[in-house]
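Here are the chains, one letter per residue:
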Amino acid sequence: MALRYALLGLLAKNEATGYELTQQFKETIIHFWTAHHTQIYRELLKMEEEGLAHSKTIHQNDYPDKKIYKITDKGFEQLVEWVLNKPVNVPKLKDDLLLRVSMFHFLPSEQAIAFLEKSKEHHQMGLLMTKKWQDEHFPDGTYKENELGEYLTSEFGVRYMESWLSWCDWAREVLKK
């Protein structure tokens, strides 16, 4: 259900095609939420059926027709209601890497350390990509009013990656003992 609100939030900023929404999702939400393009298109259809968004079809000669989605007043009201009134619960951490780390007692320390090093490389890449994206979109830490959420969540992504990298260093030292 949260995918719906992610899409409504993107549409509240600008109307967009399903493809554009998929790209925006990858750029602005990927560090804390994931969705496959097929999930996005399915949810857009449901949102349209429920009157939360509507689309117009643009006919193109050299390309397939495209649908441009726009949030409705009902969709915006539902988005604001969700932001303000959905109960705040204890966060759920569902992390495949941590699940695998929980099985380290089955591995020789060298293999566990190698796994951490590989994980660290991926997180370092994610950190660099997120910082690059921030530098491109928020030079000198400046943002437009409608970019506040992206600014805050991208900084969370940076801090999360930095925390993971620091934890990997700590875990590697524990394994070396």
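Before any of the text, the structure's been laid out above.
Note that residues are indexed from 1 along each chain, following the sequence as it is written. The predicted nature of this model means local features are confined to residues of pLDDT at least 70 and side-chain atom pairs, given and counted, to a pLDDT of 80 or more, with totals for whole chains, interfaces and linings taken over all residues. Hydrogen atoms and water are omitted, and side-chain values are computed over all heavy atoms in the structure.

Which parts of the structure should I look at to understand the overall build of the chain?
Runs of E in the DSSP output that reach at least two residues are strands. Runs of H or I that reach at least four are helices, and both are numbered from the N terminus. The number of helices and strands found in the chain is 7 helices and 3 strands. Along the chain direction, N to C, the helices and strands of the chain fall in the order α-β-α-α-β-β-α-α-α-α. Note on classification: 1.4 Å probe, protein chains only; a residue is buried when its accessible area is under 20% of the maximum for its type, exposed when over 50%, partly exposed between these limits. When burial is assessed residue by residue, the chain has 32% of its 177 residues classed as buried. A sequence separation of at least 24 residues applies to 58% of the contacts in the chain between residues at least 6 apart. With residues, only the protein chains shown are counted as cover, and all accessible areas are computed by Shrake-Rupley using a 1.4 Å probe. In the form shown here, the chain has an accessible surface area of approximately 12,400 Å², with 57% of it arising from carbon and sulfur atoms. On the chain, the mean spot of the 23 positive side-chain charges and the mean spot of the 27 negative ones are 4 Å from each other. Residue contacts follow a heavy-atom distance rule, with two residues in contact if any of their heavy atoms lie within 4.5 Å. His is not counted here, nor are the chain ends, while Lys and Arg score as positive and Asp and Glu score as negative. Lysine's charge is taken at NZ, arginine's at CZ, aspartate's at CG and glutamate's at CD.

Is there a simple way to explain the environment of Glu 117 in this structure?
Note that Glu 117 resides in helix H6 (residues 109-137). Taking the C-alpha atoms as reference points, Glu 117 and Thr 130, 13 residues apart in sequence, are found 20 Å from one another.

Sorry if this is basic, but what is going on with the nonpolar core here?
The nonpolar side chains of soluble globular proteins are, as a tendency, buried together. Grouping buried Ala, Val, Leu, Ile, Met, Phe, Trp, Tyr and Cys residues that are joined through side-chain atoms within 4.5 Å yields what is termed a nonpolar core. In terms of nonpolar packing, the biggest core is built from 19 residues, with Leu 7, Leu 8, Leu 11, Leu 21, Phe 25, Leu 44 and Met 47 touching the most fellow members. Looking at this core, the elements with two or more residues in it are helix H1 (2-13), helix H2 (18-28), helix H3 (37-49) and strand S3 (66-71). When residues of this core are assigned to their parent elements, the largest contribution, 7 residues, is made by H1. Sequence-distant contacts of Leu 7, defined by excluding residues within four places in its chain, comprise Leu 21, Ile 40, Glu 43, Leu 44 and Met 47. By size, the runner-up hydrophobic cluster in this structure holds 10 residues, among which are Val 101, Ile 113, Phe 115 and Cys 168.

Teacher, can you tell me more about the sheet that holds strand S2 (residues 53-58) here?
Sheets are built from strands that pair by backbone hydrogen bonding, the pairs being arranged parallel or antiparallel. Pairs of strands are assigned from DSSP output, requiring at least two bridges between the strands. Taken together, the 3 strands give an open sheet; going across it, the order is S1-S3-S2, and neighbouring strands pair in antiparallel fashion. The open sheet has two edge strands with one neighbour each: strand S1 (16-17) and S2. As defined by bridge partners, S1 adjoins S3 across 2 bridges and the pair is classed as antiparallel. Considered in S3, the bridge of Ala 16 is made with Tyr 69.

Teacher, can you tell me more about the pairing of S3 here?
When a strand is regular, its side chains alternate between the sheet's two faces. Examined bridge by bridge, S2 and S3 share 6 bridges and lie antiparallel to one another. Bridged to Lys 56 within S3 is Ile 68.

Distances and angles like these do not, on their own, reveal function.
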